[in-house]
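Fold and contact review
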Amino acid sequence: MNNENLHTNQELKKGEFFVTQGQQNYKIGKLIKGVLRGFTLNNEGEEITTHFFIENDLISGNYIPNIPATMNIQALEDCHISVANYKAVFSYVNTDTELTNVFLEHFRKLNKQNNSRIEALISGDALTKYKWFLREYPNLLNRIPHYYIANFLGITPTQLSRIRKTLSQQM
């Protein structure tokens, strides 16, 4: 298989969407440059940040091809993405060992991140959650607005500000 024929390049400007919740999920991407966030809306219409995607992450509105996306994915920086038709890529997964291994590695990484985040959110106080974030996403702190970080961690921006101040005084 020639992987070059499967993908095209897409540029997203800051604020633009890769996919919106409910939109048919027909594409998958690999983030080459930039930062994206995944989010959903709660019953009150408030945004709940569920994911951050950084360079080399796979991006999709969900991980089952051709069903409606379960989240919105929005650029937090200008982004460069290698995009492919999800169904076309998936048709090669069981026949192309290299492609299968790429998917498995990305799914393992995503599963590890999700499990680690769930553990931090359930068992950790605000400081523990923030330290987890710094460990998992060491290069994001100065790239994205801090209110997205607070939202992702389930804490208020004020709590995040206090934690950051406390930690900076300890250094």
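Refer to the structure presented above.
A brief structural summary.

Quick notes on the pattern of salt bridges
- For the coordinates displayed, the defined rule picks out 3 salt bridges.
- Residues R143 and E55 are paired through a salt bridge, measuring 2.9 Å at the closest nitrogen-oxygen approach. Taken together, the positions of R143 in the loop between α3 (126-136) and α4 (146-153) and E55 in the loop between β5 (47-53) and β6 (58-59) put the pair 88 residues apart, joining distant regions of the chain.
- On the accessibility criterion, E55 (26% relative accessible area) is partly exposed.
- It is possible to trace a salt-bridge network through shared partners that takes in E55, E77 and R143.

Quick word on the packing of α3 against helix α5 (residues 157-170)
- The N-to-C vectors of α3 and α5 enclose an angle of 75°; their axes lie 10 Å apart at closest approach. One finds that α3 runs roughly perpendicular with respect to α5. For the pair formed by α3 and α5, the contact residues are A126, L127, Y130 and K131 on the first element and Q159, L160, I163, R164 and L167 on the second.
- Taken together, the residues of the contact of α3 with α5 sort by class into 6 nonpolar, 1 polar and 2 charged.

Observations regarding the sheet that holds β5
- Read across the sheet, 4 strands follow the order β2-β7-β4-β5 without closing on themselves; strand pairing throughout is antiparallel. Strands at the two margins of the open sheet, each flanked by one partner only, are β2 (17-19) and β5. Across the sheet, the mean angle from the axis of one strand to that of its neighbour is 30°, orientation sign disregarded.
- Examined bridge by bridge, β2 and strand β7 (residues 72-75) share 2 bridges and lie antiparallel to one another. Residue pairing for β7: V19 is matched across the bridge by I73.
- Here α4 sits on the sheet in contact with β4 (36-41), β5 and β7, set at roughly 105° to β5.

Calculation notes
- Residues numbered from 1 in each chain as written.
- Predicted model: local features only at pLDDT ≥ 70, side-chain atom pairs only at ≥ 80, totals over all residues.
- Heavy atoms only, no water.
- Salt bridge = Lys/Arg side-chain N within 4 Å of Asp/Glu carboxyl O.
- Helix = DSSP H or I, 4+ residues; strand = E, 2+ residues; numbered from the N terminus.
- Buried < 20%, exposed > 50% of the residue type's maximum accessible area, 1.4 Å probe, protein only.
- Axes fitted to C-alpha atoms, helices over the stretch in contact; angles between N-to-C directions.
- Parallel < 35°, antiparallel > 145°, perpendicular 65-115°, else oblique.
- Contact = heavy atoms within 4.5 Å.
- Nonpolar A, V, L, I, M, F, W, Y, C, P; charged D, E, K, R; others polar.
- Pairing = 2+ DSSP bridges.

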